[in-house]
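Descriptive structure summary
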Amino acid sequence: EGGGPGGPYAGGGDGGTGNPAEGSHATANTGGGGGAGSGGGDRNGGDGGSGIVIVRYQIGFEKSAKETGGNVTFSSSGTFTIPGSYPTINAQVLVVAGGGAGGTRHGGGGGGGGVLLLPQANSTIPNGATYSVVIGAGGFSGQGGLDANSGSNSTFGPPSSAAGPTHLIAVG
């Protein structure tokens, strides 16, 4: 089994289990690849899973203990803004692209989307900054024997006017 509904692995679709059979779609927001179709008759592969962006940061310090921090998960495109009242923060950013669709008939399963991790020690986000977040779509399966499609890129980055850091791009 793949990672589709009920599968044990991270988001990939199950391959077709009959002759012929359709491949299953990957789980949304995992970047998993779609399952392959099996047998004759141009059985379609499954669609790839969409990507995800997760931003993790420390909120602040108390005298006696560290505050835990925040996690912001983007399952659709949007913006990430640090309020002006917060200090400049170090953030850990995970960017996952959309996964590829599974092949038709006797094709293979789709590949997982690219992954990019920016460690917390390497990123500084100033207060009041706004970052754009784009979530890549999963690839669409090839219908009727046509080629399956790759997933789309997911990105996290500052406005083009910012001096840095540059955009993070996970390739689909």
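Residues numbered from 1 in each chain as written. Predicted model: local features only at pLDDT ≥ 70, side-chain atom pairs only at ≥ 80, totals over all residues. Heavy atoms only, no water.

**So, the overall build of the chain**
Rules: In this description a helix means any DSSP run of H or I spanning at least four residues, a strand means any run of E spanning at least two, and both kinds are numbered starting from the N terminus. The buried label applies to any residue whose accessible area, calculated with a 1.4 Å probe on protein chains only, is under 20% of its type's maximum; exposed applies above 50%, and partly exposed to all values in between. Contacts are residue-level and defined by heavy atoms, with any inter-residue pair within 4.5 Å sufficient. For the accessible areas, the method is Shrake-Rupley and the probe is 1.4 Å, while residue cover comes only from the protein chains on display.
A tally of helices and strands in the chain yields zero helices and nine strands. Helices (α) and strands (β) of the chain occur, in sequence order from the N terminus, as β-β-β-β-β-β-β-β-β. Counting the 172 residues in the chain, one finds 40% classified as buried. By sequence separation, contacts in the chain at least 24 residues apart represent 54% of the contacts at least 6 residues apart. Carbon together with sulfur atoms contributes 51% to the accessible area of the chain, which is approximately 8500 Å² in total.

**Description of the confidence of the model for the chain**
Applied cut-off: By definition, pLDDT measures how confident the predictor is in each residue, and it falls between 0 and 100.
Here the chain shows a mean pLDDT of 79. Residues at 70 or above account for 78%. Per-element confidence in the chain ranges from a low mean pLDDT of 78 for strand β6 (residues 124-125) to a high of 91 for strand β8 (residues 154-157).

**Let's talk about the environment of G15**
Of note, G15 is situated in the segment before β1 (52-57). Residues G15 and G107, spaced 92 residues apart in sequence, show a C-alpha to C-alpha distance of 9.9 Å. Residue contacts for G15: discarding those within four places in its chain leaves G23, G35 and A36.

**Let's talk about the sheet that holds strand β3 (residues 78-81)**
To keep it simple, the criterion reads: Pairing between strands is defined by DSSP: at least two bridges between them are needed. Between N-to-C directions, angles cover 0 to 180 degrees, with each direction set by a line fitted to C-alpha atoms, over the stretch in contact for helices.
Taken in spatial order, the four strands line up as β3-β7-β8-β9 in an open sheet, and their pairing is antiparallel. Since the sheet does not close on itself, it has two edges, and those belong to β3 and β9 (168-170), each with one partner. Across the sheet, the axes of successive neighbouring strands diverge by a mean angle of 15 degrees, strand direction being ignored. As paired elements, strand β7 (residues 130-134) and β8 share three bridges and run antiparallel to each other. The residue of β8 that forms the bridge with S132 is G157.

**Quick notes on the packing of aromatic side chains**
Centre-to-centre distance and the angle between the planes together describe a pair of aromatic rings. How we decide: Centre distance within 6.5 Å is the pairing criterion for rings of Phe, Tyr and Trp, where only the six-membered ring of Trp is used; planes under 30 degrees apart are then read as stacked, over 60 as edge-to-face, and the remainder as tilted.
Taken as a whole and judged by the stated rule, the model has three aromatic pairs. Relative to F156, the ring of F80 lies with its centre 6.1 Å away and its plane at 50 degrees, an arrangement referred to as tilted. Taken together, the residues span a long stretch of sequence, with F80 in strand β3 and F156 in strand β8 at a distance of 76 residues. Note on F80: relative accessible area 3%, which makes it buried. Given the relative accessible area of 4%, F156 is considered buried. Aromatic rings pair up to connect Y57, F80, Y131 and F156 into one cluster.

**Brief notes about the pairing of β1**
Across six bridges, the pairing between β1 and strand β4 (residues 89-96) is antiparallel. Pairing of R56 across the sheet is with Q92, part of β4.

**So, the side chain of S154**
Filter applied, for reference: The term polar contact refers here to a pair of N or O atoms within 3.5 Å; inside protein, the definition further demands a hydrogen-donor-capable atom paired with an acceptor-capable atom, and it admits residues adjacent in sequence only when both atoms are side-chain atoms.
One can find S154 in strand β8. Looking at S154, its side chain comes within polar contact range of the main-chain nitrogen of G136, at 2.8 Å. Every residue in contact with S154, bar those within four places of it in the chain, is listed here: G51, I52, V95, V96, A97, G98, V134, I135, G136, L168, I169 and A170.

**Brief notes about unusual backbone geometry**
Of note in the backbone geometry, N29 takes a positive phi value of approximately 60 degrees without being a glycine. Mapping N29 onto the fold places it in the segment before β1.

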